[in-house]
Amino acid sequence: MNNVQSFLTMPGTGFFGMLIIGVLAGWLAERAMNRNHSLLTNMLVGIAGSFVGGTLAGLLNIAFYGFVGNLVVSTVGAVLILWFFGRREAAANRQNNAGSTWPQGDGPMYRTKDDAGDQ
């Protein structure tokens, strides 16, 4: 059996298997992180998650193989990516709103006729 791995595949899967795992891992991560992305974004996040998750699994000496192993590792990596970028976005929003005079909180963004005292 040949143990040479291609750059465009995951261990135990082919190129199309990688795409399917990427979509599923991205979708699972999207659901876990309560996000709403497109199919293409889910695929890209899932594939990037496979590299992040695979690297972490290698560093921790965790062996994974086949469809299910790659799906689990890719999903964990995709969740980490979404968490990281969510933290960066939240920090950027806090920095942008630091000098803002707009009210902060969960209140209505626009005043309605009732809010204005029926003017």
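These numbers come from a predicted model, not from an experiment. (Residues numbered from 1 in each chain as written. Predicted model: local features only at pLDDT ≥ 70, side-chain atom pairs only at ≥ 80, totals over all residues. Heavy atoms only, no water.)

Asker: Looking at this structure, I do not really get the packing of aromatic side chains. What am I missing?
Answerer: The geometry of an aromatic ring pair comes down to the distance between the two centres and the angle between the two planes. Per the stated rule, a full pass over the model turns up one aromatic pair. Both rings, one in Phe84 and one in Phe85, keep their centres 5.4 Å apart while their planes meet at 75°; by these two values the pair is edge-to-face. Residue class for Phe85 comes out partly exposed when judged on its relative accessible area of 46%. (Phe/Tyr/Trp six-rings, centres within 6.5 Å; stacked < 30°, edge-to-face > 60°. Buried < 20%, exposed > 50% of the residue type's maximum accessible area, 1.4 Å probe, protein only.)

Asker: What is the right way to look at unusual backbone geometry in this model?
Answerer: A negative phi holds for most residues other than glycine; trans holds for most peptide bonds. Positive phi outside glycine occurs at Asn34, with the angle close to 55°. By the element assignment, Asn34 lies in the loop between helix H1 (15-32) and helix H2 (39-59). Owing to a relative accessible area of 69%, Asn34 belongs among the exposed residues under this scheme. In this model, Asn61 sits at a positive phi of 55°, which is unusual for a non-glycine residue. If you trace the backbone, Asn61 turns up in the loop between H2 and helix H3 (66-96). (Helix = DSSP H or I, 4+ residues; strand = E, 2+ residues; numbered from the N terminus.)

Asker: What am I meant to see in H3 here?
Answerer: For an α-helix the count is 3.6 residues per turn, leaving residues at separations of three or four pointing the same way. Compared with the 45 Å implied by 1.5 Å per residue over 31 residues, the 44 Å span of H3 between its first and last C-alpha is a close match. Buried residues belonging to H3 abut H1 and H2. (Expected span 1.5 Å × (residues − 1). Contact = heavy atoms within 4.5 Å.)

Asker: Explain the packing of H1 against H3 here, please?
Answerer: Relative orientation and spacing of two packed helices are given, respectively, by the angle between their axes and the distance between those axes. Two elements in contact, H1 and H3, have axes separated by 8 Å at closest approach and are oriented at 45°. Between H1 and H3, the crossing angle belongs to the class labelled oblique. Remark: the crossing between H1 and H3 carries right-handed chirality. Between H1 and H3, the contacting residues are Ile20, Ile21, Leu24, Ala25, Leu28, Ala29, Glu30 and Ala32 on the first element and Phe67, Asn70, Leu71, Ser74, Thr75, Ala78, Val79 and Leu82 on the second. Tallied by class, the residues present in the contact of H1 with H3 amount to 12 nonpolar, three polar and one charged. (Axes fitted to C-alpha atoms, helices over the stretch in contact; angles between N-to-C directions. Parallel < 35°, antiparallel > 145°, perpendicular 65-115°, else oblique. Left-handed = near helix turned anticlockwise from the far one by under 90°. Nonpolar A, V, L, I, M, F, W, Y, C, P; charged D, E, K, R; others polar.)

Asker: Just checking my understanding: could you explain the pattern of salt bridges for this structure?
Answerer: Any two side chains of opposite charge can pair, so long as their charged atoms come close to each other. Evaluation of the coordinates by the stated rule reveals one salt bridge. Of the charged contacts in the structure, one is a salt bridge between Arg31 and Glu30, with a shortest N-O distance of 3.3 Å. (Salt bridge = Lys/Arg side-chain N within 4 Å of Asp/Glu carboxyl O.)

Asker: Can you walk me through H2 in this structure?
Answerer: Here H2 spans 30 Å end to end across 21 residues, near enough to the 30 Å set by a 1.5 Å rise per residue. What H2 keeps buried is the set Asn42, Met43, Val45, Gly46, Ile47, Gly49, Ser50, Gly53 and Ala57. Where the residues of H2 are buried, they touch H1 and H3. Of the residues one or two after H2, Asn61 is the one with positive phi, at around 55°.

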